[in-house]
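Geometric and topological summary
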Amino acid sequence: SSGINAEYGGNAQTESQPEHEVRMKHSHMSLGALKNCMQHNPGNENTCCGYFKLLFALLKMNNEEIQHLALEVLVLVTRNQDCVNSIAEAKVMGCLLVMLMLLPSSRSSVLQVLHALVSNTTIIKEVLVKGSLIYLLHLFCNSSAPNIREDTALLFSKMLSDKLVGPKVRLVLLKFLPSLFVEALSDSCETAIHMFDNNHENPELVWSDESREKLCGTVQKMMTMHFKDQLKNQDVDWRLPADFNVKYTDMLGELVVGGVFLKHFIKQPSWGVRKPRDFMSALFEAVLQHCNGGDNAETVASALIALLTSQPILAEQVPPLGHIPKLMQLIASKPAECGRLGLQILVPLSGNDSCVKTFCNTPSSIKSIMVAMRNGQNTVAVGAEVCHKAFTKNQPGLVAQALQADLVTYLLSLLDDVVHTPASAKAQVVIALKAMQMDVMNGGKVLEKLESSPVWASYKEQKHDLFLETTRTAGYLTGPVGAAGYLTAGPANLIPDTPPPLNSSVNEGRRKRPDAL
């Protein structure tokens, strides 16, 4: 190092051509000797500590051989953590980053040095400010060398894993890349590159040739501008405009929640999203937001219902997240549309034991459901289905709430309404009331109310199989209304139970039928 220091000292502007050539030759020889020393004597790298400003300054020299040798030395010394810490104190990352564009033949070495250096959080902060991400994005998007793209993706992954600066790196990358790419960079570099190079159209990624060209062009333009500025002044910082985002034509008008395109998800509800719990929580928050003045409440609610229906196990995670009390408040709010959407979300939740227990622990659950059912005729059937599913879970606390809110009387009034209450809703109500009267603690009080009602006499003897409809209409449990208010499903047996008689004339007629045709 002292030899390099002696050769690098002096004023290049006043020296003659022969002197300059001698200095270059001696610098080259000194770097070669230092490289051999580090290569064949591992463990002595920390002898370079304190000389890194000089070593990185050699990267500025207009001599590719010296620049290449300096990078080879840096590859060797950055194996030592003391050297990495010393480089962090030197604040020389601007000199290194320009080498990615200035010396294409040594890009692999530069990336190797950076990969070792970003184990230090201070260096990650510095390279972030000096524009490392725009250089790396350019290499990832536009490089034709597969090994360079893989090394770049590995470097992204290591930077993203830093506990302090990783979240900031992620936020910057999300301004350029779809979120699924950023997740893939953290998990598998090969997968990220494969995804980038191919077209996709699914609930988590909409990516086409047009999108790819848009990103590649934007990144190359921004990189070129910063590279020119950094060549003039290697202390220059790189900053993105606060409102910057790459605007992809394919994604314009798409409603995205939790990194998922909702319209695509509603069409493909069985799609296995990468983080279903986070997606579900984001949908709950979006429902509350859009129902309080948003224009996409129906789309968001439909996506949440589709997720809970296609993955029922997710309902088990809803109570700890605290969404049910907020949902009950939404259901009881004034706009009838909010109540309808809230009740529809409750349908898949009411089939889960843990969720129904949370209904019990939320004092206003039954009252909220009743408010929503009374706010509009199109909510009655949905509310009846919620009651059916919830009360068949045998939760005494829910029956106690029902008695306090006088739900039994309200449900009986629905049975008595032959104009507005659909037959399917009546079937659900009957099942709910029968489940309530079987409650160990409060079933007697429910039965007392039922027995005093003349309406109940028309329904209490019915069996559940009478409510099943033989048609394929989804979502309905009942057939047409029969006599005396009974809910029937029409003839139960359309096929004879016995074989046809062995009649000779009939058999003869069957034999003749093909000839007749």
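Provided above is the structure to which this section pertains.
What comes next concerns the included structure. (Residues numbered from 1 in each chain as written. Predicted model: local features only at pLDDT ≥ 70, side-chain atom pairs only at ≥ 80, totals over all residues. Heavy atoms only, no water.)

With 90 residues, the main nonpolar core has F52, F56, L96, L100, F176 and L215 as its most contacted residues. Other than its neighbours up to four places away in sequence, F52 contacts L74, V77, C83, S86, I87 and A90. Counting 78 residues, the second-largest nonpolar core is a separate cluster that includes V300, A301, A315 and W456. (Core = buried A, V, L, I, M, F, W, Y, C linked by side-chain atoms within 4.5 Å. Buried < 20%, exposed > 50% of the residue type's maximum accessible area, 1.4 Å probe, protein only. Contact = heavy atoms within 4.5 Å.)

Looking now at the packing of aromatic side chains. Each aromatic ring pair is described using two quantities: the centre-to-centre distance and the angle formed by the ring planes. Counting across every chain of the model gives 8 aromatic pairs. When the centroid spacing of 6.4 Å and the interplanar angle of 80° are considered together, the rings of F140 and F156 count as edge-to-face. Within this pair, whereas F140 is found in helix 10 (residues 132–142), its partner F156 is found in helix 11 (residues 146–160), the two being separated by 16 residues in sequence. With relative accessibility at 2%, the residue F140 sits in the buried group. The interplanar angle of 70° and the centroid separation of 5.5 Å between the aromatic rings of W207 and Y248 together place this pair among those described as edge-to-face. (Phe/Tyr/Trp six-rings, centres within 6.5 Å; stacked < 30°, edge-to-face > 60°. Helix = DSSP H or I, 4+ residues; strand = E, 2+ residues; numbered from the N terminus.)

In this section: the state of the cysteines. On inspection of all chains with the given rule, the structure shows 0 disulfides. Here C48 stays unpaired: no disulfide links it, and the sulfur of C83, its closest cysteine neighbor, is 5.9 Å away. (Disulfide = S-S within 2.5 Å.)

Here S86 is to be found in helix 5 (residues 81–90). Residues contacting S86, with those up to four places away along its chain left out, are C49, G50 and F52.

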